[in-house]
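# Fold and contact review
If you want the building blocks of each chain, they are given just below.
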Number of protein chains: 2
Amino acid sequence: MQEQTDPPGEPSPGLVSTAIQAITQHIRSEGLAPGDPLPSEAAMTRQLNVSRTVVREAFRSLSAMRLIDMSAGRRATVAKLDTGAMSMVIEHGITTQQISVQQVYDVRRTIEMRTVALAALRRTDQEAQAIAQSARLMHENFKSPEAVMEHDIAFHEAIAAASHNPVFSLIVTAFSGVTRRTWVIGWRTRSSDEDQLKMIKGHEDIADAILKGDPRLAAEHMAQHFDKSVKALLDAGIA
Amino acid sequence: MQEQTDPPGEPSPGLVSTAIQAITQHIRSEGLAPGDPLPSEAAMTRQLNVSRTVVREAFRSLSAMRLIDMSAGRRATVAKLDTGAMSMVIEHGITTQQISVQQVYDVRRTIEMRTVALAALRRTDQEAQAIAQSARLMHENFKSPEAVMEHDIAFHEAIAAASHNPVFSLIVTAFSGVTRRTWVIGWRTRSSDEDQLKMIKGHEDIADAILKGDPRLAAEHMAQHFDKSVKALLDAGIA
DNA sequence: CTCGAAAACCTGTATGACAGGTTGTTATTG
DNA sequence: CAATAACAACCTGTCATACAGGTTTTCGAG
C-alpha cells in the first residue's frame, strides 16, 4: 500500500491524527446526526490508503472521547453529547496536581450560580419535581453518606439540566467525578446531625426557590451553599 | 497468550477500556507528574496479558485526549493540562447540532464575567500588559478581520490566564474553536468602521479596568461586550 | 408472503514483521 | 584519561494476516 502520493507539504503529524481528522471531517461534511452510522473500517482503510491498524486507532480514539459509539459487529455511530472526555481531562488535572479541588469548586460556583438562576426561570414542572425529589432523598437517607452524596450530585445535575443549556450540563457533570472523591471529606467536617441537616436544608431552600421561580433567591441560596462547602473543605485542609 | 484467568465477575467492557483504566490508574498510584515517563507498551502488554494491539489502542486513545504525549522511539509521558479533548467535544456538539452557538456564548458570558473580575483582582503587571497588548493589536490591525479575530481570542485567553485558575483557562480555550467559526459573522454585522472601532473600544475598556484593578467595572464592560456580541450574532440569524 | 438459515460483512483481538527514532554502552582514538 | 564515534538494545509507527464472534442481508423453502 501507500502508493498514493502524499503531498510533501506538511511535516506529517502522524497517520492516525490524519485519520481522526478525516473521520470528524466526514461527520461535518455529511451533516451526520447522533445515531447515524460512519463508514466501516475497511472503507476508511481504502479511502485513506493506510492500514486498518491506523484507521482502527483513529476510531478507537474518537470512541474514547465518546464522540462515536462502537460495538462489535456494528458500524460505529455518531454519539450523543457525553461528558466522558471532559471528566477525564479534569480528573487528569487533579491527579497530576495541575489543578486543585478548590479551583474546581470556584468554577462550579461560578457556573451553578447561573444554572440555578436559569433553572428557576426555565424549569418545567417535571424538572422542578426532579430537583425537589433529589433534595428530599438526601433528607430521607441522611444516615447514609454514600446515598446523600449521590443524591447531592443528582441534585446539581438536575439543576443544570433544567437550565436547558446542554453545555452547562456537560461541564457540571464533568465535575461530578471530582465531587465524588472529595465529598465525604466535607461531610465529615459536619460532625453533628444538626450540621448535616442544616446542609441538606440548604438544598431544600434551593429547590423551593426554583419551584417558586425566583432566580435571585435561588442564586442566593446556591451562593451560601457553595460558600459553606468550600469552607468545609478548607477546614479539612484541602489545598 | 491470554492464559491468565480473568475472573468472571465483570461483564467485560472491552479489553481496551480496561487497559486505559490501568494506565490512568498507574499515573494515579505512582503519583506521576507531567513529563514523567509511562511504562513501555511491551511492559503493559506483559502486565495485562493482552496483545500489543490492545495496549496500543489504549495509549493512542489517551494521547488523542492529550492526557499523555507520544512520540516515536520515546516512551509516552504524562502530559500537561491541555484543551485538546474538551474542544473536540464542544466542536462535536456544534457540528452535530446538539448545542447551539448561542448556548456556547451564554456559557462563555457566565464564565468570563468571572474571569475578568478575578483577573482585575489577581493579575500580575505582566499579565495586565499582555491583555492590553492584545486589545491594542486589535486596534492597530483593524483593517484585517483575521488578525482582529486572533487577537480577540488571545485577549480572552489572556484574561482567563490572569484569573490564575487553570480550569477557567481550560474552558475558555476550549471555546476558541467555536469562536473561530462564528466570529466573522458577528464582525460582518458591524458594517461601518465606526461600529467596528466601537467594538474594539469595548476591549480596551475591559483592559483598562483590569489594569486599574477594578473588578466591578471590568465585569460591567465584559457584560456589555457579550450582550453586543450576542446581539450581533442574533441579527445575523445564528440559531 | 413468511420465516429461518446461510452468506456476507463487521468489529475485537492476536501475532509477527520491519522501518526508523532514541538511548545507553562500549570501543576507538587523540 | 577523556572525548567521541560506532554499536547494540529498546521503543514506537505502520503494515499484513488470521480468526473468533456479533450483525445484517439475502435468499430459498415452505
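Residues numbered from 1 in each chain as written. Chains lettered and ligands numbered in written order. Predicted model: local features only at pLDDT ≥ 70, side-chain atom pairs only at ≥ 80, totals over all residues. Heavy atoms only, no water.

### Side note on the pattern of salt bridges
Across all of its chains, the model carries 28 salt bridges over all chains by this definition. With a shortest N-O distance of 3.1 Å, Glu112 of chain A and Arg108 of chain A are connected by a salt bridge. Of this pair, Glu112 of chain A and Arg108 of chain A are both found in helix α5 (residues 101-122), four residues apart, which corresponds to roughly one turn of the helix. The two residues Glu112 of chain A and Arg108 of chain A agree in class, both being buried. Residue Asp125 of chain B pairs with Arg123 of chain B through a salt bridge whose shortest N-O separation is 3.3 Å. Under the relative-accessibility criterion, Asp125 of chain B is labelled exposed at 57%. A residue is classified by how much of its surface remains accessible, and Arg123 of chain B, at 17% relative accessible area, is buried. Via salt bridges that share partners, Glu41, Arg52, Arg56 and Arg60 of chain A together with Glu57 of chain B belong to a single interconnected network. (Salt bridge = Lys/Arg side-chain N within 4 Å of Asp/Glu carboxyl O. Helix = DSSP H or I, 4+ residues; strand = E, 2+ residues; numbered from the N terminus. Buried < 20%, exposed > 50% of the residue type's maximum accessible area, 1.4 Å probe, protein only.)

### Points about the packing of helix α8 (residues 166-189) of chain A against helix α5 (residues 101-122) of chain B
For any two helices packed against each other, the geometry comes down to the angle between their axes and how far apart the axes lie. Closest axis-to-axis distance for the α8 of chain A/α5 of chain B pair is 8 Å, and the angle between their directions is 55°. As summarised for this structure, α8 of chain A and α5 of chain B are arranged oblique, according to the angle between their axes. Between α8 of chain A and α5 of chain B, the residues in contact are Pro166, Val167, Phe168 and Ile171 of chain A and Gln103, Val104, Asp106, Val107 and Thr110 of chain B, respectively. Tallied by class, the residues present in the contact of α8 of chain A with α5 of chain B amount to six nonpolar, two polar and one charged. (Axes fitted to C-alpha atoms, helices over the stretch in contact; angles between N-to-C directions. Parallel < 35°, antiparallel > 145°, perpendicular 65-115°, else oblique. Contact = heavy atoms within 4.5 Å. Nonpolar A, V, L, I, M, F, W, Y, C, P; charged D, E, K, R; others polar.)

### Things to note about helix α6 (residues 125-140) of chain A
The terminal C-alpha atoms of α6 of chain A, which comprises 16 residues, lie 22 Å apart, in line with the 22 Å expected from a rise of 1.5 Å per residue. Of the surrounding elements, those touching the buried residues of α6 of chain A are α7 (145-162) and α9 (193-212) of chain A. (Expected span 1.5 Å × (residues − 1).)

### Some details on the interface of chain A and chain B
With 50 residues of chain A in contact, the opposing surface of chain B contributes 50 residues. Across the interface of chain A and chain B, roughly 4,200 Å² is buried in total on both sides, 69% from carbon and sulfur atoms. When the buried surface of chain A facing chain B is broken down by residue, Leu81, Val89 and His92 of chain A rank first, second and third, together holding 13% of it. One salt bridge in this structure joins Arg114 of chain A and Asp106 of chain B, with 2.8 Å as the shortest N-O distance. Here chain A is connected to chain B by 14 residue pairs in polar contact (both at pLDDT 80 or more). The residue inventory of the side of chain A that touches chain B, partitioned by class, reads 28 nonpolar, eleven polar and eleven charged. (Buried area = accessible area lost by both parts, 1.4 Å probe. Polar contact = N/O pair within 3.5 Å; in protein donor to acceptor, adjacent residues only side chain to side chain.)

### Observations regarding the relation of the copies chain A and chain B
Of the transformation placing chain A onto chain B, the axial shift is 0.0 Å and the rotation is 180°, giving an RMSD of 0.1 Å. On this basis, the relationship between the two copies can be described by a two-fold rotation axis. Rotation axis and chain A: the residue whose C-alpha lies nearest the axis is Ser61 of chain A, separated from it by 2.1 Å. (Least-squares fit on C-alpha atoms with pLDDT ≥ 70 in both.)

### What to know about unusual backbone geometry
Residue and element names in this part refer to chain A. Phi at Asn49 is positive, roughly 60°, even though this residue is not glycine. Relative to the helices and strands, Asn49 resides in the loop between α2 (41-48) and α3 (52-64). Residue class for Asn49 comes out buried when judged on its relative accessible area of 17%. Phi is positive for Arg66, close to 65°, though the residue is something other than glycine. Position of Arg66 relative to the elements: it lies in the loop between α3 and β1 (68-69).

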